[in-house]
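Each chain, written out:
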Amino acid sequence: MPENPNRHELRSEVAQRLTRLSEEVRSRLVEIALITARASGTDLPNSASVKFAPRPLAKDANAAAGDWMEIIEVAADDGQTYTACYGVIDGQPFAESPCGG
C-alpha cells in the first residue's frame, strides 16, 4: 500500500464496529427514503443510493415552536437525483418530494 500520511491504521474491532454502523446507517436512510416517498406519492427507484443532506432551517422558521426539517438526496442509476424533505413546520408534520414543491 502506498504511503499516505492521512491514513491511519484501525484495530480490527474498531473496523468491524464501523462496518456495522455504516450498514445500519445506510439501511435507515433507505427506510427514510421509502417512508417519505410513500407519504409524498413519489416513486423511489429500485436501485438508488441515499445521502443524508442536512440543511439549516429557513430564517423564517420558528425553531422555538419545534420547527425542523431534514433532507435526503436519492441518486438513481439513471443519473437523476431526487430530493425528499420531512419534518415539522408550524406544528404540522410533513413529507414532500421534490423539496419546496
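Look above for the structure.
Residues numbered from 1 in each chain as written. Predicted model: local features only at pLDDT ≥ 70, side-chain atom pairs only at ≥ 80, totals over all residues. Heavy atoms only, no water.

Undergrad: Explain empty space enclosed by the protein to me, please; I cannot follow it from the model alone.
TA: Gaps left between atoms are located by rolling a probe of water-molecule size over the structure's atoms. Within the structure shown, the criterion is met by one cavity of 30 Å³ or more. Empty space within the largest cavity amounts to approximately 60 Å³. Elements supplying a minimum of two residues to the lining of the largest cavity: α1 (12–40) and β3 (81–89). Split into classes, the residues belonging to the lining of the largest cavity amount to seven nonpolar, three polar and one charged. (1 Å grid on protein atoms, 1.4 Å probe; cavity = no way out; pocket = protein on both sides within 12 Å on 5 of 7 lines; lining within 4 Å. Points joined across faces, edges and corners; volume = space filled by probe spheres on them. Helix = DSSP H or I, 4+ residues; strand = E, 2+ residues; numbered from the N terminus. Nonpolar A, V, L, I, M, F, W, Y, C, P; charged D, E, K, R; others polar.)

Undergrad: Is there a simple way to explain the environment of Gly91 in this structure?
TA: Its location among the elements puts Gly91 in the loop between β3 and β4 (92–96). Residue classification places Gly91 among the partly exposed residues on the basis of a relative accessible area of 48%. Residues Gly91 and Gly66 lie 25 residues apart in sequence; the distance between their C-alpha atoms is 7.0 Å. (Buried < 20%, exposed > 50% of the residue type's maximum accessible area, 1.4 Å probe, protein only.)

Undergrad: What should I look at first to understand the pattern of salt bridges in this one?
TA: Side chains that differ in charge, positive against negative, can pair when their charged atoms come close. Scanning all chains against the criterion turns up three salt bridges. For the salt bridge of Arg11 with Glu13, the shortest nitrogen-to-oxygen distance reads 2.7 Å. (Salt bridge = Lys/Arg side-chain N within 4 Å of Asp/Glu carboxyl O.)

Undergrad: Is there a simple way to explain the side chain of Thr36 in this structure?
TA: Among the secondary structure elements, Thr36 is positioned in helix α1. Residues within four places of Thr36 in sequence aside, it is in contact with Ile72, Ala84, Tyr86 and Ala95. (Contact = heavy atoms within 4.5 Å.)

Undergrad: Teacher, can you tell me more about the nonpolar core here?
TA: Within the largest apolar cluster, seven residues are counted, these being Leu29, Ala33, Val50, Ile72, Val74, Ala84 and Tyr86. The set of elements that each furnish at least two residues to this core consists of α1, β2 (68–76) and β3. Leave out the neighbours within four places in its chain, and Tyr86 touches Ile32, Thr36, Phe52, Trp68, Met69, Glu70, Ile72, Phe94 and Ala95. (Core = buried A, V, L, I, M, F, W, Y, C linked by side-chain atoms within 4.5 Å.)

Undergrad: What's the story with the sheet that holds β4 in this structure? I'm lost.
TA: Through backbone hydrogen bonds, the strands of a sheet pair up, either in parallel or in antiparallel fashion. Pairing within the open sheet is antiparallel, and its four strands lie in the order β1-β2-β3-β4. The sheet terminates laterally at β1 (48–52) and β4, the two strands that pair on one side only. On average, adjacent strands in this sheet sit at an angle of 15 degrees to one another, irrespective of strand direction. Inspection of the sheet shows β3 paired to β4 by five bridges, in the antiparallel sense. From the neighbouring strand, Val88 faces β4, where its bridge partner is Pro93. The sheet strands contacting α1 are β1, β2, β3 and β4, and the helix crosses β2 at an angle near 100 degrees. (Pairing = 2+ DSSP bridges. Axes fitted to C-alpha atoms, helices over the stretch in contact; angles between N-to-C directions.)

Distances and angles like these do not, on their own, reveal function.
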